[in-house]
Amino acid sequence: MSDKSTEFFEKFQDKIAKIIKKPKRIYFNIKNEDLREISDYLFNTMGCRLSICTATEVYDGLEVLYHFSDDTTGIYYNPRVKTGLENPEINSITPLIEGANWIEREMYDLFGIKFKGHPDLKKLLTINNPHFSEDDHPMRFNRNRTKEK
Amino acid sequence: MAFYNKIIKKSIWVFHVSASPCNNCDIEILDLITPGYDIERFGIKLVGSVRHADVLLVTGIVSYKVAPRIKQLYEQAAKPIFVIGIGTCTAGGATFKTGYNAAGMPLEKIIPVNAYVTGCPPKPEAMIDGVLKLLGTLK
Amino acid sequence: MSKCRIPLGPFHPLLEEAEFFDIKVEGEKVVDIEMETGWMHRGHEKISETRSYTQSIFLVERICGICSTSHPFAAVHAMEDIDNVEIPERAQYIRIFIGEMERIHSHLLWLGLAGHFIGYDTLWMWTWKYREPVLQIFEKVSGNRNHYAMFRVGGVGRDFDNALIPEIHPVLDMLEKKMLMLAGAVKDDPVLWSRLKGVGVLTKEDAINYCANGPTARASGVDIDVRRDDGLEYDLINFDVIVLPNGDVYDKLVLRVLEIIESVKIARQCLDAFPKVGGEYLNKVKHISPGEGIGRYEAPRGEVFHYIRSDGSNRPLRHKVRAPSFSNIPTYKASCVGIPLADALITLAAVDPCYCCTERSIRVIDEDNKKLEHNLLTMSREKTANLKKVVAGSEKTPIDRIFED
């Protein structure tokens, strides 16, 4: 484990829970309010690249896993943010990282997660698609298939 | 019609449209016009507009978003036009058939089709063979 | 000055895939560019949840026909990451060989299309001519020209036939020779130089902020390469990561030519290793335990990312796919604005966009199209004069370094 990584976990000790450490992959849970601060630190101070985010529907809600890649050491930092199934809402990190723009739109499209503070939150993949209505999010288990026969 | 059929066999102009494919059939079609296969020898030429084309090559599963455009393209084409579905996707959806965005499986649901060349992707030789076999049925 | 909106696509004769760009121009200058995606969306991630792990590998192979090894490569990495599966050494060399040959054919494909986009069809025909033997090698090694189906969790599905080695060496020699020739041609060609030099610059800051990766980032001076950073198979091989400083289209072209030469070297190292490394090529994995795994691979276009979450059954609970173009395409916002419309297309093409991978596209909104107020003739004369200055002022190029060796 590199110095940068140790420093990071010491600094955010009380904001991080449930750390799972594997060689080169670190998963940990954070709260929605701390997301911007932690992303800012990872992206700007530690020089990590935001690889992508993964949204997943689990039995008690939706979770978004952010994948930050430290390209100097090959370590992945994966903060996980949880939200509820009804009206899911998470803070947007697009104002900090321009590269998060499309993926947040994609997660809004496929899962219906609203990103607070996103400059232009609209659908990305099923936009203007006659088969999908505005509140139809195809990756959700209970899909709102308003337009299907 | 007989006169037209006689003429069309000498010089086929092809328009290629990619309707949500995996790109593979598309690059194999492009491969046809490069020195490896060079189908311009046979008078077959890729053209830039469907209005000039005699044959329409369609690749991919045709997503719901593309489907109206494909219909529009077909309507714009000067008739008669022959439609060939390239790849297994157009014929049966291949591995994507359980997907939520696949409208055209088979492609006949969207536009009339004259022939399918299946394979994932079909070899360039198979595509040439498909086009020529279709033209062989014309009297 | 009045603004014009120029729709490009979704079915444009120049573009192979359906994609839609909404370009706003002022005179000849691009002032804003929007993109609408979704034409190619097939819903892989959802389909993958209904497939077993082995079937998923074949499914992700069909995300894109050009990088059809990169996606399985990253997917098996993700599956192996859950259980830390050991891979036999022979399988590692076979994986590298297939991956590098794919990089060669993909870069040749891009070079050809780049030539086509700037109206230089000679370059297109030549590079695609050299691409053909590479596809024939694939047919000999794997049985298919494009979808190779070589990858399995724990190794590869098919052994490499050592008898093919004498047939492959001449092709690699030919490729290296022709690439050096092409490098020389790129260096000397005033058409390419004036058409590509200084066009569509993506600065290092923008590349970092947009999280660009692969050749797009490396041509802007960002030193990232998953092959080196993530290690795994590539620890067996010696190779250089090529990084160029300027970030324009010319650098991206040169970078890809240099990478082909580098890939030829890697492929040769694999061919040398095959007779020495025998034995198993597949370490059979019967069960994937519950957990999460991240796999990545440096595809010809950049970093392919796969995330797999397993609940211990035979199907993935969640399979996230991120293709390199997903991160690279949004950089058009930084690189296309402010350049002439004629250069915009090659700039859009310079990231080697793969919309099938990205699963997206573009649209146009109608506005009053007014006549251009600018005197086009004057502008065109000015541009020609500027180009002449640029060509005359050209000095040593990055490509010189391969001739210095």
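Residues numbered from 1 in each chain as written. Chains lettered and ligands numbered in written order. Predicted model: local features only at pLDDT ≥ 70, side-chain atom pairs only at ≥ 80, totals over all residues. Heavy atoms only, no water.

A. The overall build of chain C, seen in detail. Along chain C, the regular secondary structure elements total 17 helices and 8 strands. Each of the 405 residues in chain C was classed as buried or not, and the buried ones make up 63%. Put simply, of all contacts in chain C between residues at least 6 apart along the chain, 73% involve residues at least 24 apart. With an accessible surface of roughly 14,200 Å², chain C has 51% of that area assigned to carbon and sulfur atoms. (Helix = DSSP H or I, 4+ residues; strand = E, 2+ residues; numbered from the N terminus. Buried < 20%, exposed > 50% of the residue type's maximum accessible area, 1.4 Å probe, protein only. Contact = heavy atoms within 4.5 Å. Areas by Shrake-Rupley, 256 points an atom, 1.4 Å probe, with all protein chains shown as cover.)

B. Up close: the interface of chain B and chain C. On the side of chain C, 41 residues touch chain B, which itself brings 36 residues to the contact. Counting each side, the surface lost to burial between chain B and chain C is near 3,300 Å², with a carbon and sulfur contribution of 61%. Looking only at chain B, the three residues that lose the most surface to chain C are N23(B), I27(B) and K65(B), adding up to 16% of its buried area. The interface formed by chain B and chain C contains 5 salt bridges. In this structure, R131(C) engages D31(B) in a salt bridge whose closest nitrogen and oxygen atoms are separated by 3.2 Å. Linking chain B with chain C are 18 residue pairs in polar contact (both at pLDDT 80 or more), by the criterion used here. Where the side of chain B that touches chain C is concerned, the elements lending two or more residues are β1 (13-18), α2 (24-33) and α3 (67-76) of chain B. Counting residues per element, the side of chain B that touches chain C draws most heavily on α2(B), at 7 residues. Taken together, the residues of the side of chain B that touches chain C break down into 17 nonpolar, 13 polar and 6 charged. (Buried area = accessible area lost by both parts, 1.4 Å probe. Salt bridge = Lys/Arg side-chain N within 4 Å of Asp/Glu carboxyl O. Polar contact = N/O pair within 3.5 Å; in protein donor to acceptor, adjacent residues only side chain to side chain. Nonpolar A, V, L, I, M, F, W, Y, C, P; charged D, E, K, R; others polar.)

C. Molecular detail of the side chain of E104(A). Residues and elements named next belong to chain A. Mapped onto the elements, E104 comes out in helix α3 (residues 101-111). There is no salt bridge for the buried E104, and the closest opposite charge comes from R36, which lies 7.5 Å off by N-O distance. When neighbours within four sequence positions are excluded, E104 is seen to be in contact with Y66, N91, S92, I93, T94, F115, H118 and L121. (Lys, Arg positive; Asp, Glu negative; His and termini not counted.)

D. Layout of the interface of chain C and chain A. Taken together, the contacts link 40 residues of chain C with 43 residues of chain A. With both chains or domains summed, chain C and chain A bury close to 3,400 Å², and 52% of this area falls on carbon and sulfur atoms. Together, C211(C), E292(C) and I294(C) form the three largest contributors to the area buried by chain C at its contact with chain A, with a combined 16%. Run the count over chain C and chain A and you get 6 salt bridges. Close ionic contact of E106(A) with K320(C) constitutes a salt bridge, the shortest N to O distance being 2.8 Å. The tally of links between chain C and chain A comes to 18 residue pairs in polar contact (both at pLDDT 80 or more). Residues that form the side of chain C that touches chain A fall into these classes: 14 nonpolar, 8 polar and 18 charged.

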